[in-house]
Number of protein chains: 2
Amino acid sequence: MANNTSSGNSPTAEPKTLVETAYRALRRDIIEGHLAPGEKLRVEHLKDDYGVGAGTLREALSLLISDALVVSQGQRGFRVAPVSLEDFEDITKTRVMLECDALRQSIAMGDDAWEGDLLAAFHRLTKAEEKRIGTDDREEWEERNRIFHEVLISACPSRWLKHFLSILYQQAERYRRLSLYLQPIPRDIHAEHEALMQAAMARDADKATAILGEHILLTFRSVEQIPKDQLNEKLAA
Amino acid sequence: MANNTSSGNSPTAEPKTLVETAYRALRRDIIEGHLAPGEKLRVEHLKDDYGVGAGTLREALSLLISDALVVSQGQRGFRVAPVSLEDFEDITKTRVMLECDALRQSIAMGDDAWEGDLLAAFHRLTKAEEKRIGTDDREEWEERNRIFHEVLISACPSRWLKHFLSILYQQAERYRRLSLYLQPIPRDIHAEHEALMQAAMARDADKATAILGEHILLTFRSVEQIPKDQLNEKLAA
DNA sequence: GTTTTTAAAAATCTCGAGAAAAAACGTTGA
DNA sequence: TCAACGTTTTTTCTCGAGATTTTTAAAAAC
């Protein structure tokens, strides 16, 4: 949490070292599913793909363990962290608890600047949603969605809470992407975000947390309802 | 959480690689305060102290970032994570929230085997406390205290909650040790543990979480009340 | 006396090669 | 046909050396 190299770091700071570059590229490929869950990460192969030395790549992989995107076992190398419906459910429930608590604190502590940031983040998200119709630049929307959630809880004074939430968000994003190819978004996410934003601005903590909790839970439900056989194709390690 | 190399792993599994060995040695030295908060960790020096190569040590340090015991910045190497009273307060509050929630779930889900484990862990802790009078094998007590808290919440089904708690516990232990030299334990910790154990066995979740919350908070209070100038000697980075 | 510039020293970051372990493969025997 | 064994191949783990960058210290300029 208190470092620039690992999880939860400011995404705007550009990488200054090769380790950092490889770390980001790998993280992206894992979250986007280009590296499948459970897949073996052979250093000898990957070092060529990412254009770095073996030691550098090992270090990047070690960093990814912080984010629970990579696992390692003894003398048997690295693997992409496996996925499961149970894990996603756990992530969802834990995230609901933590993020609602953080939101409550944020609403209580947030000042005018926070309100401004929130409004701005919501606006940018809305713009991305409008552009997105038909187009395929999902990345832009994903990034702005992340920032919107981040800004929502930004006035919460607990660094640790925010640190844990950044990890959980990242994990959830991974599951969301894995299921994306199977099921288009059936919900009116924009309406959910708008209601959430307005409740937060109105300082209605009960309402805001209720909406947020439901919002996060619905994402899980939509994945949960995907037929198991289709899901297992993706989840197979 | 889902790996054997990083935080929250089973402490009984012996290290099979030099990276793992160095990781544990470094972690121990940081938690015990032999490596001071904020201290620069020069790879060229440390590799000799720990008897490994530069690359190996770098990897171990990368692993310690997961535990937030080490921080790194760009091209300026590694440092021991700094400490502050604010940070400890955050750790404490976050831990109270998460650990109480986990305990509640554990009490609800725990079976007979869990009760047995809890009883056993409490017994071992008691024995260590009796032996400790006068002697100085703090390590034994620390380990058993950790296990007691771990067993308490072991029946909680959320892996992520337990993962986060293991990180927070480790952080708290570090602060506890830093303050240990300044202030002897004035509390009757044994009584607190016993009441906690009994409430858990009686499945009285409200009572158990109340005791646990107070138990964790008291540790913070005892550090908080240490005169600031004495504290800053230790906390100085 | 203070600040800026410049040069030397130290540390970080990176890579490729060699030893140890695990996995893959074919062979032998029942 | 199947299982057990030993060899070969692959992969991981580890180390030391070289290129950049940062830090330190001294010299020069204001």
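Asker: Is there a simple way to think about the overall build of chain A in this case?
Answerer: On a plain count of helices and strands, chain A comes out with ten helices and three strands. Starting at the N terminus and walking to the C terminus, you meet the elements of chain A as α-β-α-α-β-β-α-α-α-α-α-α-α. Relative to its 237 residues, chain A shows a buried fraction of 52%. For chain A, contacts bridging at least 24 residues in sequence account for 74% of all contacts bridging at least 6.

Asker: When you look at the protein's contact with DNA strand C in this model, what are you seeing that I'm missing?
Answerer: Around DNA strand C, the surrounding shell holds 20 residues, and the nearest of these are Leu-18 and Gly-53 of chain A together with Glu-44, Arg-58 and Gly-74 of chain B. Expressed as a percentage, the sugar and phosphate content of the atoms of DNA strand C within 4 Å of the protein is 95%. The backbone of Leu-41 of chain B places a nitrogen or oxygen atom 3.4 Å from a phosphate oxygen of DNA strand C. In the model, a phosphate oxygen of DNA strand C is placed 2.4 Å from a nitrogen or oxygen of the Arg-58 of chain B side chain. Looking at the surface near DNA strand C, the elements that each hand over two or more residues are helix 1 (18-31) of chain A together with strand 1 (40-41) and helix 2 (43-49) of chain B. With three residues, helix 2 of chain B is the single largest residue contributor to the surface near DNA strand C. Residues that form the surface near DNA strand C fall into these classes: six nonpolar, eight polar and six charged.

Asker: What is the right way to look at the interface of chain B and chain A in this model?
Answerer: The parts lose accessible area when they come together, and the size of an interface is often stated as this lost area. Each side of the interface is counted separately: chain B has 35 residues, and chain A has 36 residues. Carbon and sulfur atoms supply 61% of the area that chain B and chain A bury against each other, a total of about 2900 Å² over both sides. There are two salt bridges connecting chain B and chain A. A salt bridge links Arg-58 of chain A to Glu-59 of chain B, with the shortest nitrogen-to-oxygen separation between them at 2.9 Å. Seen at the junction of chain B and chain A, the total is 13 residue pairs in polar contact (both at pLDDT 80 or more). Elements that contribute at least two residues to the side of chain B that touches chain A include exactly helix 3 (54-66), strand 2 (70-72), helix 4 (85-109) and helix 7 (159-180) of chain B. Counted by class, the side of chain B that touches chain A contains 14 nonpolar, 14 polar and seven charged residues.

Asker: Help me understand the relation of the copies chain B and chain A, please; the structure alone is not making it clear to me.
Answerer: Copy one and copy two of the chain differ by a rotation about an axis and a translation along that axis. For the match of chain B to chain A, the screw axis carries a shift of 0.0 Å, the RMSD comes to 0.0 Å, and the turn is 180°. Both copies are brought into coincidence by an operation consistent with a two-fold rotation axis. Distance from the rotation axis, computed per C-alpha, reaches its smallest value in chain B at Ser-66 of chain B: 2.1 Å.

Asker: I'm lost on helix 8 (residues 189-201) of chain B in this one. Help?
Answerer: Residues that lie three or four places apart on an α-helix share one face, since the helix turns once every 3.6 residues. All names here are of chain B. The first and last C-alpha atoms of helix 8 sit 18 Å apart over 13 residues, in line with the 18 Å expected at 1.5 Å per residue. Ile-189, Glu-192, His-193, Leu-196, Met-197, Ala-199 and Ala-200 are the residues of helix 8 that are buried. When helix 8 is viewed along its axis, its buried side chains cluster within an angular range of 165° and face the same direction. Of the residues one or two after helix 8, Arg-203 is the one with positive phi, at around 60°.

Asker: Hey, could you run me through the sheet that holds strand 1 of chain B in this one?
Answerer: In sheet architecture, strand pairing relies on hydrogen bonds along the backbone and comes in two forms, parallel and antiparallel. Residues and elements named next belong to chain B. On the basis of which strands lie adjacent, the open sheet formed by three strands has the order 1-3-2 and antiparallel pairing. With partners counted over all chains shown, the strands left at the sheet margins are strand 1 and strand 2, one partner each. Of the strand pairs in this sheet, strand 2 and strand 3 (residues 78-80) are connected by three bridges, and their pairing is antiparallel. Bridge pairing in strand 3 links Ser-72 to Phe-78.

Asker: Please explain unusual backbone geometry as it appears in this structure.
Answerer: For residues besides glycine, phi is generally negative; the peptide bonds are generally trans as well. Residue and element names in this part refer to chain A. Positive phi is not limited to glycine here, since Ala-68 has a value of about 55°. By secondary structure assignment, the location of Ala-68 is in the loop between helix 3 (54-66) and strand 2 (70-72). The class of Ala-68 is buried, set by a relative accessible area of 11%.

Asker: Sorry, what's going on with the nonpolar core here?
Answerer: One recurring pattern in soluble globular proteins is that nonpolar side chains are buried together. If you look at the biggest cluster of nonpolar residues, it comprises 90 residues, and the most contacted ones within it are Phe-148 of chain A together with Phe-148 of chain B. For Phe-148 of chain B, the residues in contact, after removing those within four places along its chain, are Leu-118, Ala-121, Phe-122, Leu-125, His-193, Leu-196 and Met-197 of chain B. Formed by 43 residues, the second largest nonpolar core is a distinct cluster that contains Leu-35 of chain A together with Leu-41, Ala-60 and Leu-69 of chain B.

Parameters and conventions
- Residues numbered from 1 in each chain as written.
- Chains lettered and ligands numbered in written order.
- Predicted model: local features only at pLDDT ≥ 70, side-chain atom pairs only at ≥ 80, totals over all residues.
- Heavy atoms only, no water.
- Helix = DSSP H or I, 4+ residues; strand = E, 2+ residues; numbered from the N terminus.
- Buried < 20%, exposed > 50% of the residue type's maximum accessible area, 1.4 Å probe, protein only.
- Contact = heavy atoms within 4.5 Å.
- Near = heavy atom within 4 Å.
- Polar contact = N/O pair within 3.5 Å; in protein donor to acceptor, adjacent residues only side chain to side chain.
- Nonpolar A, V, L, I, M, F, W, Y, C, P; charged D, E, K, R; others polar.
- Buried area = accessible area lost by both parts, 1.4 Å probe.
- Salt bridge = Lys/Arg side-chain N within 4 Å of Asp/Glu carboxyl O.
- Least-squares fit on C-alpha atoms with pLDDT ≥ 70 in both.
- Expected span 1.5 Å × (residues − 1).
- Arc of directions from axis to C-beta.
- Pairing = 2+ DSSP bridges.
- Core = buried A, V, L, I, M, F, W, Y, C linked by side-chain atoms within 4.5 Å.

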